[in-house]
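Listed below are the residues making up each chain.
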Amino acid sequence: MDFDLSEDQAVLLSALDSIMAPYRDIAAQDRLSFSVYASALDEQLVENGFFEAARTEGMGPLDAALIIEQVARLPHVTEIGASMLVAPMLGLDLPRPFVLLSQPLDKAQRFLPVARTGLLDTGDEILVIAIDQDQVEDVNSIYGYPYGRFTTLPDLSQARRLGPEAVVAFRTWAQVALAAEMSGAIRAAVDFTVAYVKDRRLFGRQLGTYQSVHHRLAECDQIARGAFWLTMKAAWSGSRIDASLAACYTQQHVRKLMFDLHQFNGAMGLTTEHLLHFWTFRVRALQSELGGQNGAALEAAQQAWGGG
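As the structure is a prediction and not an experimental result, all values here were calculated from the model.

(A) Structural view of the packing of aromatic side chains. In total, this model carries 5 aromatic pairs according to the counting rule given. Both rings, one in Phe-34 and one in Phe-281, keep their centres 6.2 Å apart while their planes meet at 10°; by these two values the pair is stacked. Placement of the pair is Phe-34 in the loop between α1 (7–20) and α2 (39–47) and Phe-281 in helix α9 (residues 276–290), with a sequence separation of 247 residues. Judged by centre distance (6.3 Å) and plane angle (75°), the ring pair of Tyr-37 and Phe-111 falls under edge-to-face.

Spelled out as structure tokens, the structure:
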């Protein structure tokens, strides 16, 4: 079942689509890299107020999640999830881009090379950390995002501390934001592959007309749609269990998606000059931050039925 966007949401995403248009492809000289950070797109999103969607009257976290999912469909990347959902829902108005830090702090962290503010879940509280870029070095990674590592660990005693009441909100909105990014990347990878099998010919026929290809891609499309709607439901409800269910489902089918999508792109799916890897490698990175489907399923079960 599909639902229609409201009139305001349709206008919002139409305006966003116009801004995104120049970023739907990547220049040939940049295709051998594993991530292309779109600073200009980031500036346009700021100038047009998209990062305020979650706390704008008449809008809310659902609108923010729609924006995140849409931007995540681009082969270019920019920091959107934490800035558009996590920080606003925690009431934080701090310099962005943000980085969702994880322990140990000396490992490579996604978006650290561009971040100005870090958020760290210590279990009992959320630490808000000012990022000094002079203490950060780039880390080469295949996983579709800019990664960096601290050369000098931040002094956590100087961090702003958000109490236990912020921990649940942080975990909920972090899951929704990550699931929205993952959903967008999955949708883009499926659409890219569908377009490819329509153009690619085998034995005089379009590859996509073969029944086995058609059926497997239909399954991939169903997975992409399911991930989208579960994520949007979580953004709409703000429920911890909905967030965990979205995180679980989005990760549950990653193995099938990676196998089918790369297979149907043939030998091109194994090359970096083909655009597919810009989305599929990101899915793997986001899966690691979400903690795996079993962890999310266990969280959902604990919220539904309690227990340790």
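Right, picking up where we left off after that structure.
(B) Just unusual backbone geometry, in detail. Here the amide bond leading from Arg-96 into Pro-97 is cis, since omega sits at 5°, within 30 degrees of zero. With respect to the helices, strands and loops of the structure, Pro-97 is situated in the loop between α4 (81–89) and β1 (98–101). The omega torsion across Gln-103 and Pro-104 is -5°, close enough to zero to call that bond cis. Mapping Pro-104 onto the fold places it in the loop between β1 and β2 (109–110).

(C) Expanded view of the pairing of strand β3 (residues 117–121). Judged by how many residues are buried, β3 sits mostly within the fold: 4 of 5 residues are covered. The pairing of β1 with β3 spans 4 bridges and is parallel. Opposite Leu-101, over in β3, you have Leu-120 as the bridge partner. In this sheet, strand β4 (residues 126–130) lies alongside β3 in antiparallel orientation, the contact comprising 5 bridges. Within the sheet, the bridge partner assigned to Leu-119 lies in β4 and is Val-128. What sits between β3 and β4 in their antiparallel hairpin is a turn of 4 residues, with Gly-123 showing a positive phi close to 105°.

Cut-offs and rules
Residues numbered from 1 in each chain as written. Predicted model: local features only at pLDDT ≥ 70, side-chain atom pairs only at ≥ 80, totals over all residues. Heavy atoms only, no water. Phe/Tyr/Trp six-rings, centres within 6.5 Å; stacked < 30°, edge-to-face > 60°. Helix = DSSP H or I, 4+ residues; strand = E, 2+ residues; numbered from the N terminus. Buried < 20%, exposed > 50% of the residue type's maximum accessible area, 1.4 Å probe, protein only. Pairing = 2+ DSSP bridges.

Just distances and angles here, no functional claims.
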